[in-house]
Amino acid sequence: MKTKEFLRKCLGSRYVNYRIIALIDVALSVIASLSAVFISSYVLLTLTGVYFHDAVAEYTGMEHPTLSFAILSAGISLLVLLLFPVYKGIIRIRTFSYGFNYLWLSLSKALVLSLVLGVLSREWLFGVLYFVIDTLFTLFFLTGFRTVVQFIWSVLNDAPTTMSRTPALIFGVNDKSSQLADKLSNSYQGKGLYVVGFVETEQPATRMTVGGKPIFYTPDTESFSALLDKHHISVLLFSGYDVLHENAAFASYCIDRKIRLLVDQEPRRILNVDSRPPIEEIQIEDILGREAIFLNMKPISEALHDKTILVTGATGSIGSEIVRQLARLEPQLIVLFDIAETPMHELRLELQRCYPEGRFAFVMGDIRNPQRLDFVMRRFQPDKVFHAAAYKHVPLMEENPCEAVATNIVGTFNIASKCLEYDIDQMVMLSTDKAVNPSSVMGATKRFCEMIVQSLDLALKRGEVPAEVPTRFATTRFGNVLNSAGSVIPTFKHQLQRGGPLTVTDPRIERYFMTIPEASQLVLEASMLSHGGEVFVFDMGDLVKIADLAKRMIRLAGYEPDKDIKIVYTGLRPGEKLYEETIHDKEKDLPTAHNKIHIVQTREESFERIRLMVALFDRLAHEGNVDGVVYLLKKAIPEYKSLNSDIFAAFERGERIPFDLEEELGKVAIELPHR
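Residues numbered from 1 in each chain as written. Predicted model: local features only at pLDDT ≥ 70, side-chain atom pairs only at ≥ 80, totals over all residues. Heavy atoms only, no water.

(A) Geometry of the sheet that holds strand β9 (residues 333–338). Read from one edge to the other, the open sheet built from 9 strands follows the order β10-β9-β8-β11-β12-β13-β18-β22-β21, with strand pairing classed as mixed. On the outer flanks of this sheet lie β10 (360–364) and β21 (588–591), each paired with one strand and no other. The sheet shows a mean angle of 25° between the axes of neighbouring strands, direction not considered. Pairing of strand β8 (residues 308–312) with β9, which is carried by 5 bridges, proceeds in the parallel orientation. From the neighbouring strand, V311 faces β9, where its bridge partner is L336. (Pairing = 2+ DSSP bridges. Helix = DSSP H or I, 4+ residues; strand = E, 2+ residues; numbered from the N terminus. Axes fitted to C-alpha atoms, helices over the stretch in contact; angles between N-to-C directions.)

Structure below.
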């Protein structure tokens, strides 16, 4: 017990002084040299009858050649250690970063000493023999010393042995996976994992290993299952998100088998995209079976570095991420515009902490207030506007259609008008897949927002609207964003924390998903591709069944669906579809320079008629005329068909007609000032 305490005290400091390690290395190197001399001398005596000690003494006149050689060896060892400073490494952490240094150090020292000994003994056979033995001994002593220290350290700190560790596999064979195995060999983060080997889906040419660990070939889940059973695997690790996304099917299979999933997140932490620990549990959003989207941000950075950029809805899920992405690109100024006070304060603290050199302006305001927008445009004179401000939650907007219209439609018209009035170079509006064949008030308002932006851009090109600097208007359309406020995954997580049940509206319901950073980066990329008037649609991958998502989340948490945690089906809510679309049947899909971004051609709209409808929407919303607002939406967007809402569906059947549309638009035309 006293010995263990003594060793713990000796090795307990965070780092041992490197000078002490250097002295130990010199001593070990001298011992290796002397051992090599004695062995070489014995071999030489056996083969030639010449004794090395006598030969050197006779040639040089030295009385103590062995002592002189030890001193020479110490000097040469010190010099080569200065050239290859292996003593500066942290011994208790097993790493191959100094591997070649040990080899070069051993070879260099042995070469110099073998030349000296060959000359002194006048026996070149002795010199060659010594060179080989000294190289091997020095390498063995230096690495052996470190191995012993590592073993003692693991015993003192109760590190799990190979037998007591949990067997794990690493998916994929690349530089990152070998580095991950190296981390785990040091009980990285105390995970207590033992790496059995690596998994590959492509057949290697020959049976190969990585760091002494075998590579297993599993082209399908059947062979993969056999491998898991054979080695009793409890943990599967991925060396990065690229490997994880490419092999999401295997990850999903592991969830069904209740095998723990981990991912090395070091690249994300370097890119400042994720704040979780370097090796952590896989989250459900990581394995939705869609290929991750990676963009080259350098051209975007070059295009925006000297620009002032306004982001509306800057504290929302997408708006705040656009701000973060922009902050990394270091534009001249980012103007954050939002009505939510507390989220703005929290985002301000985050940006000041993460981007102390960034230039930001935090402006409270409402996009429904034209005078406040005038102030922002005059004060900051932005070059680009990213319009993310909107009401987005379908059930709430079904219950509050007047507010949905006032914010989404009137607010978007205000922003677009001010962009034109103040010679803004570009406006990018964020839309949603719910705008395609809308079945809800929210989806219909966003479709009308698309019509505002497109019709204004078309009117500019036709010369129907005068402008000194024609603003380029563009729309981006994408689906559900993972982990955004109020989205399904955070809801499921909260329900799991409470012990269930998980609530799904319908077992058949499907949705598209993408991550917040991906969506934000694609918005920036689309702004670079735009020439004006486009509706950009992002490649969302495959539709995901929400019921399957719920089951996978339950399994990922270590439970069994409908046994440990129940799934309850509550029925579709008003305005809710079974599945979403990104393109209307009558819209044409066109490619762009980016394979994950497409352009859809929608029907052309008259901006003058759109302008009159916006004024009518504004009046009806302020009056609180719910029937009038919904009726006007249905007249403006023929494909808008209300689902699970008998009240709103009555307008489609002609049972409720609040007013004559053309008559009301005529009145509005008289009241509005001419352009």
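The rest of the description comes next.
(B) A look at the packing of aromatic side chains. Following the criterion strictly, the structure yields 12 aromatic pairs and no others. Ring centres of F137 and F141 lie 5.9 Å apart, and the angle between their planes is 50°; on these two criteria the pair is classed as tilted. Of this pair, F137 and F141 are both found in helix α6 (residues 124–156), 4 residues apart, which corresponds to roughly one turn of the helix. Take F137: its relative accessible area is 26%, and that puts it in the partly exposed class. Following the ring pairs from residue to residue traces out a cluster consisting of F171, F224, F238, F250 and Y253. The ring of Y640 carries K634 above its face, with NZ or CZ at 3.7 Å from the centroid. (Phe/Tyr/Trp six-rings, centres within 6.5 Å; stacked < 30°, edge-to-face > 60°. Buried < 20%, exposed > 50% of the residue type's maximum accessible area, 1.4 Å probe, protein only. Lys NZ or Arg CZ within 6 Å of the ring centre and 35° of its normal.)

(C) Fine view of the nonpolar core. Counting 64 residues, the largest nonpolar core has I409, F448, F473 and L633 as the members making the most contacts within it. For this core, the leading source of residues is helix α18 (residues 441–462), giving 11 residues. Ignoring sequence-local partners within four residues, the contact set of I409 consists of A404, T445, F448, C449, I452, V614, F617 and L633. With 39 residues, the next largest nonpolar core counts L329, I334, L430 and I516 among its residues. (Core = buried A, V, L, I, M, F, W, Y, C linked by side-chain atoms within 4.5 Å. Contact = heavy atoms within 4.5 Å.)

(D) Representation of the pattern of salt bridges in the model. The full count for this structure, using the stated rule, is 26 salt bridges. Residue D366 pairs with R368 through a salt bridge whose shortest N-O separation is 3.0 Å. Between E662 and R609 there is a salt bridge, with the nearest N and O atoms lying 2.8 Å from each other. Here R609 lies in helix α22 (residues 607–623) and E662 lies in helix α25 (residues 661–671), a separation of 53 residues in the sequence. Classification of R609 by relative accessible area gives partly exposed; the value is 34%. Each member of the salt-bridge network shares a partner with another, and the members are R447, E450, R477, R603, E605 and E639. (Salt bridge = Lys/Arg side-chain N within 4 Å of Asp/Glu carboxyl O.)

(E) Highlighting the pairing of strand β5 (residues 235–238). Residues V235 and L237 of β5 are buried on one face, and the alternating residues L236 and F238, pointing to the opposite face, are buried as well. In this sheet, β5 lies alongside strand β1 (residues 166–171) in parallel orientation, the contact comprising 4 bridges. By the bridge assignment for β5, L169 is matched with L236. Two strands pair when backbone bridges link them, and β5 and strand β6 (residues 260–264) are joined in this way by 4 bridges, in the parallel orientation. Directly across from L236, in β6, lies its bridge partner L261.

(F) How the structure looks around α18. In this model α18 runs 31 Å from its N-terminal to its C-terminal C-alpha over 22 residues, within 8% of the 32 Å that 1.5 Å per residue would give. The buried fraction of α18 amounts to 20 of the 22 residues, a majority that puts the element mostly inside the structure. Looking one or two residues past α18, G463 carries a phi angle of roughly 80°, positive in sign. (Expected span 1.5 Å × (residues − 1).)

(G) The arrangement of a nonpolar patch on the surface in detail. On the surface, L72, V112 and V116 cluster together into a nonpolar patch covering about 180 Å² of accessible area. Turning to its location among the elements, L72 is positioned in helix α4 (residues 65–83). (Patch = residues over 30% accessible without salt bridge, like charges linked within 9 Å, V, L, I, M, F, W, Y side chains within 5 Å. Areas by Shrake-Rupley, 256 points an atom, 1.4 Å probe, with all protein chains shown as cover.)

(H) Molecular detail of helix α14 (residues 341–354). Taking 1.5 Å of rise per residue, 14 residues should cover 20 Å, and α14 covers 20 Å from first to last C-alpha, within 8% of that figure. Burial in α14 covers these residues: M344, L347, E350 and L351. Projected down its long axis, α14 shows its buried positions confined to an angular sector of 125°, all on one face. Of the exposed residues in α14, those oriented more than 90 degrees away from the buried face are E341 and R353. Packed against the buried residues of α14 are α13 (317–329), β9 and β10. (Arc of directions from axis to C-beta.)

(I) Here's a closer look at unusual backbone geometry. For the peptide bond that leads from G500 to P501, omega is 0°, which places it in the cis range. If you trace the backbone, P501 turns up in the loop between α19 (488–497) and β15 (502–504). Even without glycine at this site, N437 takes up a positive phi of about 45°. Among the secondary structure elements, N437 is positioned in the loop between β12 (426–432) and α18. The backbone phi angle of D562 is positive, close to 65°, even though this residue is not glycine.

(J) Structural view of the environment of T445. Along the chain, T445 falls in helix α18. When its relative accessible area of 0% is taken as the criterion, T445 is described as buried. Separated by 48 residues in sequence, T445 and M397 place their C-alpha atoms 9.8 Å apart. Within the structure, T445 has its side chain in polar contact with the side chain of N408 (distance 3.0 Å). (Polar contact = N/O pair within 3.5 Å; in protein donor to acceptor, adjacent residues only side chain to side chain.)

(K) Up close: the environment of S234. Tracing the backbone shows S234 in the loop between α8 (221–231) and β5. Taking relative accessible area as the criterion, S234 reaches 35% and is therefore assigned partly exposed. Along the chain, S234 and P167 lie 67 residues apart, while their C-alpha atoms are 6.1 Å from each other. When residues no more than four places from it in sequence are discounted, the contact partners of S234 are T166, P167, I259 and R260.

(L) Structural view of the side chain of K634. Tracing the backbone through its elements, the reader meets K634 in helix α23 (residues 626–636). Among residues more than four places away in sequence, those in contact with K634 are Y640, K641, S642, F648, F651 and E652.

(M) Highlighting the pairing of β8. Within β8, 5 of the 5 residues are buried, which leaves the element mostly enclosed by the surrounding structure. Here β8 shows two buried faces, one formed by T308, L310 and T312 and the other by I309 and V311. Bridge count for β8 against strand β11 (residues 384–387) is 4 bridges, and the pairing is parallel. Bridge assignment links V311 to a residue of β11, and that residue is F386.

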